[in-house]
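A closer look at the structure
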Amino acid sequence: MEGTLSISRMDDNESFLRRKLETLRGVPLFWSIVEKWAKVESFQARPDDLLISTYPKSGTTWISEILDMIYNNGDAEKCKRDAIYVRVPFMELIVPGIANGISQLAKMPSPRLIKTHLPVQLLPESFWENNCKIIYMARNAKDVAVSYYYFYQMAKMHPEPGTWDEFLEKFVAGEVAFGSWYDHVKGWWEKKKDKPILYLFYEDMKEDPKRETQKVLQFLGKDLKEEVVDKILHHTSFQEMQKNPTANYRMVPKAHMDQSVSPFMRKGTVADWKNHFTVAQNEAFDSDYEEKMKGSTLQFRMEM
Ligand code: PPS
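Model, not experiment: these values are computed from the prediction.

1. A look at the overall build of the protein chain
When its secondary structure is counted, the protein chain shows 15 helices and 8 strands. Relative to the 2.2 N^0.38 estimate, which gives 19 Å for 304 residues, the radius of gyration of the protein chain is 18 Å and therefore close to what a compact globule would have. Taken over 304 residues, the protein chain has a buried fraction of 59%. Accessible surface, the protein chain: about 13400 Å² in total, of which carbon and sulfur atoms supply 50%. The average position of the 42 basic charges and that of the 44 acidic charges among the side chains of the protein chain differ by 3 Å.

2. Focus: the side chain of His276
Within the element layout of this structure, His276 appears in the loop between α14 (238-243) and α15 (279-293). Classification of His276 by relative accessible area gives buried; the value is 18%. For His276, the side chain forms a polar contact with the side chain of Tyr150, separated by 2.8 Å. Reaching out from His276, the side chain makes a polar contact with the backbone oxygen of Asp272 at a distance of 3.1 Å. Non-local contacts of His276, meaning those with residues more than four positions away in its chain, are made with Val146, Tyr150, Trp164 and Gln281.

3. Digging into the packing of helix α10 (residues 181-191) against α15
Packing of α10 against α15 leaves a shortest axis separation of 11 Å and a crossing angle of 35°. The two elements α10 and α15 meet at a crossing, and its hand is right-handed. Here α10 contributes Trp181, Tyr182, Val185 and Lys186 to the contact with α15, which in turn contributes Phe285, Asp288, Tyr289, Lys292 and Met293. In terms of residue class, the contact of α10 with α15 is built from 6 nonpolar, no polar and 3 charged.

4. Quick word on the pattern of salt bridges
This structure, assessed with the given rule, holds 23 salt bridges. The partner of Arg87 in a salt bridge is Asp68, and the shortest N-O contact between them spans 2.7 Å. Within this pair, whereas Arg87 is found in helix α5 (residues 84-87), its partner Asp68 is found in helix α3 (residues 60-71), the two being separated by 19 residues in sequence. Across the pair, Asp68 and Arg87 agree in class, each one buried. A salt bridge links Lys294 to Glu291; the shortest N-O distance between them is 3.2 Å.

5. Here we look at empty space enclosed by the protein
In this structure the tally under the stated criterion is 2 cavities of 30 Å³ or more. Its boundaries defined by the atoms lining it, the largest cavity holds a volume of some 50 Å³. Lining the largest cavity we find Lys57, Ser147, Tyr150, Phe151, Met154, Ser262, Pro263, Phe264 and Arg266. Each residue belonging to the lining of the largest cavity can be placed in one class, and the counts come to 5 nonpolar, 2 polar and 2 charged. The calculated volume of the second largest cavity comes to roughly 30 Å³. For the second largest cavity, the full set of lining residues is Thr60, Thr61, Ser64, Ile84, Tyr85, Val88, Lys115 and Tyr249. For the lining of the second largest cavity, the secondary structure elements donating two or more residues are α3 and α5. Per-class residue counts for the lining of the second largest cavity are 4 nonpolar, 3 polar and 1 charged.

6. Overview of the site of the ligand
Taken together, 22 residues lie near the ligand, and Thr60, Thr61, Ser147, Tyr202 and Lys267 sit nearest. Between the ligand and Tyr202 there is a distance of 2.7 Å, counted from a nitrogen atom to a side-chain nitrogen or oxygen. For the ligand, an oxygen atom lies 2.8 Å from a polar atom in the side chain of Arg266. The protein chains hide 98% of the 640 Å² of surface that the ligand would expose on its own. Those elements that place two or more of their residues in the shell around the ligand are α3, α8 (141-154) and α14. No other element matches the 3 residues that α3 contributes to the shell around the ligand. Considering only residue class, the shell around the ligand consists of 8 nonpolar, 9 polar and 5 charged.

Quick notes on the rules
- Residues numbered from 1 in each chain as written.
- Predicted model: local features only at pLDDT ≥ 70, side-chain atom pairs only at ≥ 80, totals over all residues.
- Heavy atoms only, no water.
- Helix = DSSP H or I, 4+ residues; strand = E, 2+ residues; numbered from the N terminus.
- Rg over C-alpha atoms; globule rule 2.2 N^0.38 Å.
- Buried < 20%, exposed > 50% of the residue type's maximum accessible area, 1.4 Å probe, protein only.
- Areas by Shrake-Rupley, 256 points an atom, 1.4 Å probe, with all protein chains shown as cover.
- Lys, Arg positive; Asp, Glu negative; His and termini not counted.
- Charge placed at Lys NZ, Arg CZ, Asp CG, Glu CD.
- Polar contact = N/O pair within 3.5 Å; in protein donor to acceptor, adjacent residues only side chain to side chain.
- Contact = heavy atoms within 4.5 Å.
- Axes fitted to C-alpha atoms, helices over the stretch in contact; angles between N-to-C directions.
- Left-handed = near helix turned anticlockwise from the far one by under 90°.
- Nonpolar A, V, L, I, M, F, W, Y, C, P; charged D, E, K, R; others polar.
- Salt bridge = Lys/Arg side-chain N within 4 Å of Asp/Glu carboxyl O.
- 1 Å grid on protein atoms, 1.4 Å probe; cavity = no way out; pocket = protein on both sides within 12 Å on 5 of 7 lines; lining within 4 Å.
- Points joined across faces, edges and corners; volume = space filled by probe spheres on them.
- Near = heavy atom within 4 Å.

Right, here's the structure in full:
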């Protein structure tokens, strides 16, 4: 195992941690992404790139691991060659001296798997120009809010989350990294009308990972033997990924992601929000949700 990308040279300078977000065209992002935006905007996609697009905490790592397994014909050992964030670089993540998705990708041979959390309107043009295939994975807003709250606490690139109540308020207002969940899921949903986008749901993947993986294979025009698909499903189960150091982010230094605060592979369930939302929070959330999602055909399952 090769280990951590450039997320290793860090102890000398922690000043990039817990800084407030900056806003780019109305979207809050890590300050360092905004600072280097010209590099992100001019990113050169290649026609055979596959883009994995998600709002944070929606199953990015899960679908990334599934795709790397598909690309490696179900060879789990090959998928342990390096950490998930090296195998599937986070395109727009630029933190000076620490991580640079753009330069990481420039050195990567094709075909590349690329991760992004950007809302659709901020995606670099070259993805559209090259007609790249895109897999979008969405997860219900309440579970995302809870998962994001724990992630804010352990992943120190984010500002301090405050209390759960304070964080939930920020989430609803879209004042969190990568902006409004509502705009993100709706924006990509609309785009799928005229672009090659496979739109998946975390809840569907939980319900029937085999069915959803078959959708992915069909979208990619690939055919794998059933025994290979079964291997992929085993390797990408929550239990397997939780103990796999190349999938569970344990290769990231503790100063950046403190898994003693909350593990990256936390629960991996649907409806954990029920353990966190008060009745009052839930009512307020629901009425605001209805307003924000009005007119959209997009439907989420908040429980199963
Ligand atoms: S990130 O940081 O935005 O890239 O995070 P992301 O990978 O999108 O989301 C992390 C949540 O996904 C859960 N997860 C899984 N659930 C089910 N099965 C598998 N294999 C799996 N892998 C990751 C992970 O546990 C986080 O959700 P929570 O609810 O916090 O447990």
